[in-house]
Amino acid sequence: MTDLIDLRSDTVTRPTDAMRTAMATAEVGDDWYGDDPTVNALQDRAAEITGRKAALYLPTGTMCTQIALHVLVRSGHFVVCESSAHVCGMELHSSAALSGVAFLPVSGARGLLSAEQVAGALRPDPADVRVIDLVAIENSHQVGGGTPQPVDDVRAIAKACESAGVPLYLDGARIFNACAATGATIADYAAEVSAMMFCLSKGLGAPIGSMLVGDSDFIREARRVKILFGAAWRQAGVLAAAGLVALEEGPKRLHEDHAKARVLAEGIADLLPGSVDPDAVPTNIVFVDVSGTGRSAPEWAERLEAAGVRVTMGAGRVRMLTHRDVSMADIRAALAAWRRAAAR
Ligand SMILES: Cc1ncc(COP(=O)(O)O)c(C=O)c1O
């Protein structure tokens, strides 16, 4: 298993030596009481870099979003989102079970909603039955192919939300990838939304953790819901210590992951023409449309694993993500594995 090149996700990275040292020496306390100094330092740092008042350290991105929905959406009310967004796909059942949330999905080009689409979705229901409490966007958009949304477009969406009096939430699981691609800062994006989350455990390379960010009242209420959901995780400072390293070091190298994804896409486009457009790989996610190859995505996944590369599947396509623990040499080896898998 160990010599397989693992491209299933950017969540598969192992902690670096610097993270392990920080974890071993972290000062800790009981986070239920709010007195874990390392958790508090991470939360303060997240608030500082986003330019927002407060932040909450949580185990997963899903928990961040589920807590945000619980705070911002009344049971039986709707959330407008893009139809292939994580929140209404992987989190559909969580949103229903934990908060009684319904979704109003709108299809966007490569996962991105436009301000016009949002304004259209927010038009009041004349029967006053369908009440929308929140608009949720995702940046970069995973199923859309890691597509980053420029700040100006997010600002236009925020204006549409403001005119309708509806808050805007950002699933920024990979917001730093979007920043690396667009040149914007996380604060540029955070300034446009009511609340957002970002993951430390994806491209930034921390073993665990995500940050929920917003104004003080929102985070106070989110902290109450965190405890309600059973996530008062005591001496979480041992994990937050790795999160602090990830937050400082991670964003600096994401352009390398994007370059690796591009090389991967170019190699596969040469091997299987028409299966992937390298120009449509702006960040670290590569989807390969194998429908024209005479083999299904699960068949490709099986053959690739036998050839030394682990991938996942999504919407009938093969999905690969680049990350810190794969080098450019690994990408070239992965392309050789694709060639072997194609020849078998
Ligand atoms: C866009 C997006 N949002 C949210 C999540 C959820 O993050 P987590 O796995 O930390 O719950 C993911 C996970 O892959 C994701 O890709």
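Everything here concerns the structure above.
This write-up is about the structure you can find in this document. As the structure is a prediction and not an experimental result, all values here were calculated from the model.

Across the five residues that make up strand β2 (residues 54-58), a large majority, five, are buried. Burial along β2 is two-sided: Ala54, Leu56 and Leu58 facing one way and Ala55 and Tyr57 facing the other are all buried. Looking at chain direction, β2 and strand β8 (residues 210-214) are connected through five bridges and run antiparallel. Paired with Leu58 across the bridge in β8 is Ser210.

It is worth spelling out the side chain of Glu91 at this point. Of note, Glu91 is situated in the loop between β3 (78-82) and α4 (92-99). For the buried Glu91, no salt bridge exists, and the shortest N-O distance to an oppositely charged side chain is 8.3 Å, to Lys202. Side-chain polar atoms of Glu91 contact the side chain of His86, separated by 2.7 Å. Among all residues touching Glu91, those that are not within four sequence positions of it are Thr62, Thr65, Gln66 and His86.

Before going further, it helps to examine the site of the ligand. Around the ligand, the neighbouring residues are Thr60, Gly61, Thr62, His86, Glu138, Gln142, Asp171, Ala173, Arg174, Met197 and Lys202. In this structure, an oxygen atom belonging to the ligand sits 2.8 Å away from a main-chain N or O atom of Gly61. Surface burial for the ligand is 83%, taken as the share of its 390 Å² of free accessible area covered by protein chains. Residues belonging to the shell around the ligand are distributed by class as follows: two nonpolar, five polar and four charged.

Further remarks concern unusual backbone geometry. Residues apart from glycine generally show negative phi values, whereas peptide bonds are mostly found in trans. In this structure, Ser140 follows Asn139 across a cis peptide bond, with omega equal to -5 degrees. Positionally, Ser140 belongs in the loop between β5 (132-138) and α6 (151-164). Phi is positive for Arg110, which is not a glycine, with a value near 50 degrees. Unlike most non-glycine residues, Arg234 shows phi in positive territory, near 50 degrees. Take Arg234: it is sitting in the loop between α9 (216-228) and α10 (237-249).

Attention now goes to the environment of Ile268. Its place among the elements puts Ile268 in helix α11 (residues 254-271). The spacing of Ile268 and Ala307 is 39 residues in sequence and 15 Å in space, taken between C-alpha atoms. Apart from residues lying up to four places away in sequence, Ile268 is in contact with Ser275, Val276, Val288, Met320, Leu335 and Trp338.

Another aspect to go through is the environment of Gly316. Residue placement: Gly316 occurs in the loop between β11 (312-314) and β12 (317-321). With residues near it in sequence (within four places) discarded, Gly316 still touches Val290 and Ala297.

Quick look at the pattern of salt bridges now. In the structure shown here, the tally under the stated rule is 17 salt bridges. In this structure, Arg224 engages Glu221 in a salt bridge whose closest nitrogen and oxygen atoms are separated by 2.8 Å. With Arg224 and Glu221 both in helix α9, this residue pair falls three residues apart, about one helical turn. Between Asp257 and Arg253 there is a salt bridge; the shortest N-O distance is 2.3 Å. You'll find Asp257 and Arg253 in the same group, each marked buried. Within the structure, one salt-bridge network assembled from shared partners comprises Arg45, Glu48 and Glu248.

What follows covers the sheet that holds β8. Across the sheet, which stays open at both edges, the seven strands sit in the order β2-β8-β7-β6-β5-β3-β4 with mixed pairing between neighbours. At either end of the open sheet lies a strand with only one pairing partner, and these are β2 and β4 (102-106). Between one strand and the next, the sheet's axes are offset by a mean angle of 20 degrees, whatever the strand orientation. In this structure, strand β6 (residues 168-172) lies alongside strand β7 (residues 195-199), joined through four bridges in parallel fashion. Opposite Leu170, over in β7, you have Met196 as the bridge partner. Packed onto the sheet, α6 meets β5 and β6 and runs at close to 150 degrees relative to β6.

What follows covers the nonpolar core. Membership of the largest hydrophobic core comes to 54 residues, with the highest contact counts inside it found for Tyr57, Ile175, Tyr189, Met196, Phe198, Leu200 and Met211. Sort the elements by how many residues they give to this core and α10 lands first, with seven residues. Residues contacting Met196, with those up to four places away along its chain left out, are Thr50, Tyr169, Leu170, Ile175, Ile186, Ala190, Met211, Leu212 and Val213. Grouped together as the second largest cluster of nonpolar side chains are 30 residues, Ile5, Ala269, Val276 and Met320 included.

So, on to the side chain of Arg295. The residue Arg295 is located in the loop between β9 (285-288) and α12 (297-307) in this model. There is no salt bridge for the buried Arg295, and the closest opposite charge comes from Glu299, which lies 5.9 Å off by N-O distance. A distance of 3.1 Å separates a polar side-chain atom of Arg295 from the backbone oxygen of Ala341. Other than its neighbours up to four places away in sequence, Arg295 contacts Val290, Trp300, Arg303, Ala341, Ala342 and Arg344.

On to the sheet that holds β12, then. With antiparallel pairing, the three strands of this open sheet are ordered in space as β9-β12-β11. The sheet terminates laterally at β9 and β11, the two strands that pair on one side only. For this sheet, the mean angle separating the axes of adjacent strands, direction not counted, is 35 degrees. Inspection of the sheet shows β11 paired to β12 by three bridges, in the antiparallel sense. If you follow Thr312 over to β12, its bridge partner there is Arg319. Against the sheet, α12 makes contact with β11 and β12, and its axis sits at roughly 45 degrees relative to β12, the strand it touches most.

Each value, and the rule that gives it
- The numbers attached to residues start from 1 for each chain and follow its sequence in the written order.
- Owing to the predicted nature of the model, reporting of local features is limited to residues with pLDDT of at least 70; listing and counting of side-chain atom pairs is limited to 80 or more, with chain, interface and lining totals taken over all residues.
- Only hydrogens and water are set aside; all other atoms, that is, all heavy atoms of the structure, feed into the side-chain values.
- Burial classes: relative accessible area under 20% of the type maximum marks a residue as buried, over 50% as exposed, and values in between as partly exposed (1.4 Å probe, protein chains only).
- Elements are defined by DSSP. Helices are runs of H or I of four residues or more, strands are runs of E of two residues or more, and each kind is numbered from the N terminus.
- Think of it this way: DSSP has to see at least two bridges between two strands before they count as a pair.
- Under this rule, positive means Lys or Arg and negative means Asp or Glu; His and the chain ends count for nothing.
- By definition, a salt bridge exists where a carboxyl oxygen of Asp or Glu is found within 4 Å of a side-chain nitrogen of Lys or Arg.
- Any pair of N or O atoms that falls within 3.5 Å is considered a polar contact. Within protein, one atom must be able to donate a hydrogen and the other to accept it, and sequence-neighbouring residues count only if both atoms are side-chain atoms.
- We call two residues contacting when some pair of their heavy atoms lies within 4.5 Å.
- For each residue, the test is whether any non-hydrogen atom lies within 4 Å of the molecule or strand; if one does, the residue is near.
- The protein chains shown are the only cover counted for residues, whose accessible areas, like all others here, come from Shrake-Rupley with a 1.4 Å probe.
- Amino acids outside the nonpolar list (Ala, Val, Leu, Ile, Met, Phe, Trp, Tyr, Cys, Pro) and the charged list (Asp, Glu, Lys, Arg) are all regarded as polar, and Gly is one of them.
- Lines fitted to C-alpha atoms define the axes, with helix axes restricted to the stretch in contact, and inter-axis angles between N-to-C directions lie between 0 and 180 degrees.
- Only buried residues count toward a nonpolar core, which is a set of Ala, Val, Leu, Ile, Met, Phe, Trp, Tyr and Cys residues joined through side-chain atoms within 4.5 Å.

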